[in-house]
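# Reading the structure
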Amino acid sequence: MTRQLFVTNLYEAVVGDDELLAQLAHSIHSLADDDEAGRRWSKEHRYAGYTSYASLNDLPKRDPAFADLAKLLTRHAMRFAAECAFDLARKPRLDSLWVNLLKSGGHHSGHIHPHSVVSGTLYVEVPPGCGAIRFEDPRLPLMMSTPTRREDAPEELQPFVRVQPRSGLLLLWESWLRHEVLPGTGRGERLSISFNFA
């Protein structure tokens, strides 16, 4: 008998509120036009597009659409924390939230989200051919002599798992899970909102 140990959870849901997604898309475009500090940071760090990551930390107070989103995200984060059997003294609290407007061919190298418990992304608008988000097996640095896996091996045995974004897709994961955005081949801008719960 073979048992599976040390499961890594990835929460997937669909935000089917087209009106909210449209409001968020409008707000992301407005922020990309108006946020000079964010555009400057994006240019200095060679981010292919715009992100409010280092410039704006009050989006739910600034915009009613983000306030509605914060409530929705909190409900999902509480559900995910329960599924992970977290023993928390209080419910997860939204710690940070930022928008991303990634242009064609843009990518984001592998990273984690320190000082958080749950992290995630909501895909607002996704053009065809945009890059996938790729999650890395957290044991990968310890697999000194592990053979490669067959292509037909189950997803949970692969060292990397890709998830292709689509409009309305909400993903949550534990913040220590390393992930990256792969470059896409399609044209157009991918709009997403990333966040952390502490």
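Criteria and thresholds
Residues numbered from 1 in each chain as written. Predicted model: local features only at pLDDT ≥ 70, side-chain atom pairs only at ≥ 80, totals over all residues. Heavy atoms only, no water. Pairing = 2+ DSSP bridges. Helix = DSSP H or I, 4+ residues; strand = E, 2+ residues; numbered from the N terminus. Axes fitted to C-alpha atoms, helices over the stretch in contact; angles between N-to-C directions. Contact = heavy atoms within 4.5 Å. Phe/Tyr/Trp six-rings, centres within 6.5 Å; stacked < 30°, edge-to-face > 60°. Buried < 20%, exposed > 50% of the residue type's maximum accessible area, 1.4 Å probe, protein only. Lys NZ or Arg CZ within 6 Å of the ring centre and 35° of its normal.

One open sheet accounts for 6 strands, arranged β1-β8-β5-β10-β3-β2; its pairing is antiparallel. Each having just a single partner strand, β1 (10-14) and β2 (49-51) make up the two edges of the open sheet. Adjacent strand axes in the sheet meet at a mean angle of 15°, parallel and antiparallel pairs treated alike. Along the sheet, helix α4 (residues 64-83) makes contact with β1, β3 (94-102), β5 (118-125), β8 (169-174) and β10 (190-197), crossing β8 at roughly 50°.

Before going further, it helps to spend a moment on the packing of aromatic side chains. Tallied over the full model, the rule gives 5 aromatic pairs. With 5.0 Å between their ring centres and 70° between their planes, Phe135 and Trp173 make a pair best called edge-to-face. Here the residue Phe135 occupies a position in strand β6 (residues 133-136), and Trp173 occupies one in strand β8, the gap between them amounting to 38 residues. Judged by relative accessible area, which is 6%, Phe135 ranks as buried. A residue is classified by how much of its surface remains accessible, and Trp173, at 1% relative accessible area, is buried. An aromatic cluster is built from Trp41, Tyr53 and Trp98, whose rings are joined through pairwise contacts. For Arg134, the ring lying beneath its charged end belongs to Phe160, and the centroid distance is 3.9 Å.

Purely spatial values, then, with no claim about function.
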